Amino acid sequence: MKTYHVITFGCQMNERDSETIAGMLEEQGYSYTEDPKSADAVVLNTCSVRENADKRFFGVLGQLKNPHENREGMMVCVCGCMMQQQHIIDTLKAKYPWVDLVFGTHNISEFPVLFKNASREKAHIIDVLSEAGPIAEGLPAARAYGFKAFVSIMQGCNNFCSYCIVPYTRGRERSRRPEAVIEEVKELAKNGCKEIMVLGQNVNSYGRARSVAGTYCAATDEPHLDFAGLLKELNKIEGIERIRFMTSHPKDISDGLIELFKDPGHVCRQIHLPVQSGSSRVLKEMNRVYTREQYLDIVRRLRQACPDIAISTDIIVGFPGETEEDFEQTLSLVEEVRYDSAFTFIYSVRQGTPAAAREDQVPEEIKHARFGRLIEAIHRIQEEKAEKYRDAVLPVLIEGPSKTDPDMLTGHTESGRVVDLPGDPSLIGRMVKVRITKPQTFSLYGALCEEQEDR
Ligand code: 5AD
Ligand code: SF4
């Protein structure tokens, strides 16, 4: 039997796309193998959000050159966000002409045909579409887990934050029909799925752009279901115990969503709300369309609706023109919000975005020094906040062996904290009660409670 391996860079949207690609290969009779170098088909699904991901991709691709040369018939395919950029295609053509198939983010549904053609004809195919078409439904998926799943509800982004490449690589925002999403989640629940992660670049504008040039869902008299409305529908699906979602753009958060947190049902009391900067001046230049004060007001309203809501964020340091005062505003916002966790990034120049053309780029050493100060504050707060979990008894969905110690199990709390605990692998996929014995900055150490509800 032929084998495949998919290597995924970047965000959860890419992980979800990779499940589709894996499903397509399985439909063609390929089975999964751990080792990319010995696989008959390798697909690299790329990310272009920061320069690091670009570099890692070329490194990993380079390592496949020898196996590809030495093994007759081995197929190396590359896809994803990087392929939507002409300068990347030019580099591939010049330096990696041996790659068998290049496709983009807009033609994943064509992958089976492209793959067959490339392998049958031993041709090197480059097929990247610059425009997105309608969202393809009904594609196969080899899901990474049975008990938890990604559910993509929309694609693309219309926001054009001035630092970000995503609107150029993933195209305009399109939402899936609510019925298709609900059907997918029902099917997942039927197959034992307990937790879903609802995905979109900007879930808060779900339903606003359901058509692409009239091709999809355009002439509809369906009632307009917004994101809060969709969550309410998903909340009704039996078997789904946890609903998470990302990413929420603060500018589009609705009163309805905040209201929903008063009585969230299966929606986890947790929200990822990227702020990017604490300075209103920088936010304006980032084209984020909210001020520091407006962001803080959203946080206040979320906490009013749901006092123990866990809030996480994304922050960029070193955006062009960021001054020491701007950065201190970010630090003070972090102290004010007291995030449960935060992803922090050093600004990375992305060719073709407005911010890349600016001449007031922040010097590397300043960016790194600010980054260090920021993560010090974030980790300190995270550690302080971990203390509230001491001796708490919490439901944890057991997801697999711990990353740090394979003899331990790992899972997440409702709030999204990692929990490590000793236990039998037969617990994987179960929601269990865990007593937290040792809270730490990045993970909580716990023990299985003796009394378990039978789930
Ligand atoms: N440089 C650094 N970080 C970036 N992000 C997006 N574009 C860039 C960039 N050019 C970050 C943002 C976003 C997250 C997914 O990646 O914080 O929320
Ligand atoms: Fe990028 Fe902004 Fe869209 Fe997020 S909302 S994907 S940061 S452009």
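The coordinates are above.
The model shown is predicted, which means the values in this text are computed figures rather than measured ones. (Residues numbered from 1 in each chain as written. Chains lettered and ligands numbered in written order. Predicted model: local features only at pLDDT ≥ 70, side-chain atom pairs only at ≥ 80, totals over all residues. Heavy atoms only, no water.)

K.L.:
Talk me through the packing of aromatic side chains; I want residue IDs and the actual numbers.
P.N.:
On inspection of all chains with the given rule, the structure shows 15 aromatic pairs. Between Tyr30 and Phe115 the ring centres are 5.6 Å apart and the planes differ by 80°, which places this aromatic pair in the edge-to-face class. Residue Tyr30 is located in the loop between helix 1 (12-27) and strand 2 (31-32), and its partner Phe115 is located in helix 5 (residues 111-121); the two are separated by 85 residues in the primary sequence. Assessed through its relative accessible area of 9%, Tyr30 is described here as buried. With a relative accessible area of 1%, Phe115 lands in the buried category. Centre to centre, the rings of Phe160 and Tyr168 are 5.3 Å apart; their planes meet at 80°, and the pair counts as edge-to-face. Taken together, the ring pairs connect Phe9, Phe57, Phe58, Tyr96 and Trp98 into an aromatic cluster. It is Lys148 that lies over the ring of Tyr145; its NZ or CZ is 4.7 Å from the centre. (Phe/Tyr/Trp six-rings, centres within 6.5 Å; stacked < 30°, edge-to-face > 60°. Helix = DSSP H or I, 4+ residues; strand = E, 2+ residues; numbered from the N terminus. Buried < 20%, exposed > 50% of the residue type's maximum accessible area, 1.4 Å probe, protein only. Lys NZ or Arg CZ within 6 Å of the ring centre and 35° of its normal.)

K.L.:
Explain the pairing of strand 7 (residues 148-152) to me, and be specific about the residues and the numbers.
P.N.:
For strand 7, a buried count of four out of five residues is recorded, marking the element as mostly surrounded by other parts of the structure. The pairing of strand 7 with strand 10 (residues 195-199) spans five bridges and is classified as parallel. Its bridge partner being in strand 10, Ala149 is matched across the sheet by Ile196. (Pairing = 2+ DSSP bridges.)

K.L.:
Kindly report on the site of ligand 1, identifying the contributing residues and their values.
P.N.:
Taken together, Val49, Arg50, Tyr163, Gln276, Asp314, Ile316, Phe345, Ile346, Tyr347, Ser348 and Arg350 form the complete shell of residues around ligand 1. Here a nitrogen atom of ligand 1 sits 3.0 Å away from a polar atom, N or O, in the main chain of Tyr163. A distance of 2.8 Å separates a nitrogen atom of ligand 1 from a polar atom in the backbone of Ser348. Its free accessible area being 400 Å², ligand 1 has 86% of it covered by the protein chains. Grouping the constituent residues of the shell around ligand 1 by class yields six nonpolar, two polar and three charged. (Near = heavy atom within 4 Å. Polar contact = N/O pair within 3.5 Å; in protein donor to acceptor, adjacent residues only side chain to side chain. Areas by Shrake-Rupley, 256 points an atom, 1.4 Å probe, with all protein chains shown as cover. Nonpolar A, V, L, I, M, F, W, Y, C, P; charged D, E, K, R; others polar.)

K.L.:
Could you give an account of the sheet that holds strand 11 (residues 242-246), with specific residues and numbers?
P.N.:
The strand order across the open sheet built from three strands is 7-10-11, with neighbouring strands paired in parallel fashion. Among the strands making up the open sheet, the edge pair consists of strand 7 and strand 11. Recorded for the sheet is a direction-independent mean angle of 20° between the axes of neighbouring strands. (Axes fitted to C-alpha atoms, helices over the stretch in contact; angles between N-to-C directions.)

K.L.:
Break down the site of ligand 2 for me, with residues and values.
P.N.:
As a structural note, the neighbourhood of ligand 2 is formed by Cys157, Asn159, Phe160, Cys161, Tyr163, Cys164, Val166, Pro167, Gln201, His249 and Arg288. Of the residues contributing to the shell around ligand 2, the split by class is seven nonpolar, three polar and one charged.

K.L.:
Quick one: what's the story with the side chain of His106, residue by residue and with numbers?
P.N.:
Residue placement: His106 occurs in the loop between strand 5 (101-103) and helix 5. Aside from chain neighbours lying at most four places away, what touches His106 is Gln84, Leu129, Ser130, Glu131, Ala132, Thr169, Arg170, Gly171 and Arg174. (Contact = heavy atoms within 4.5 Å.)

K.L.:
Describe the nonpolar core, and please don't skip the residues or the numbers.
P.N.:
Counting 67 residues, the largest nonpolar core has Ile153, Ile196, Leu234, Phe245, Phe261 and Ile271 as the members making the most contacts within it. Counting residues per element, this core draws most heavily on helix 11 (residues 292-305), at six residues. Contact partners of Ile153, with chain neighbours within four places excluded, come to Ser175, Arg176, Val181, Val198, Leu199, Val203, Tyr206, Phe227 and Leu230. Core analysis: the second largest hydrophobic core is formed by 23 residues, Ala53, Met74, Met83 and Leu92 among them. (Core = buried A, V, L, I, M, F, W, Y, C linked by side-chain atoms within 4.5 Å.)

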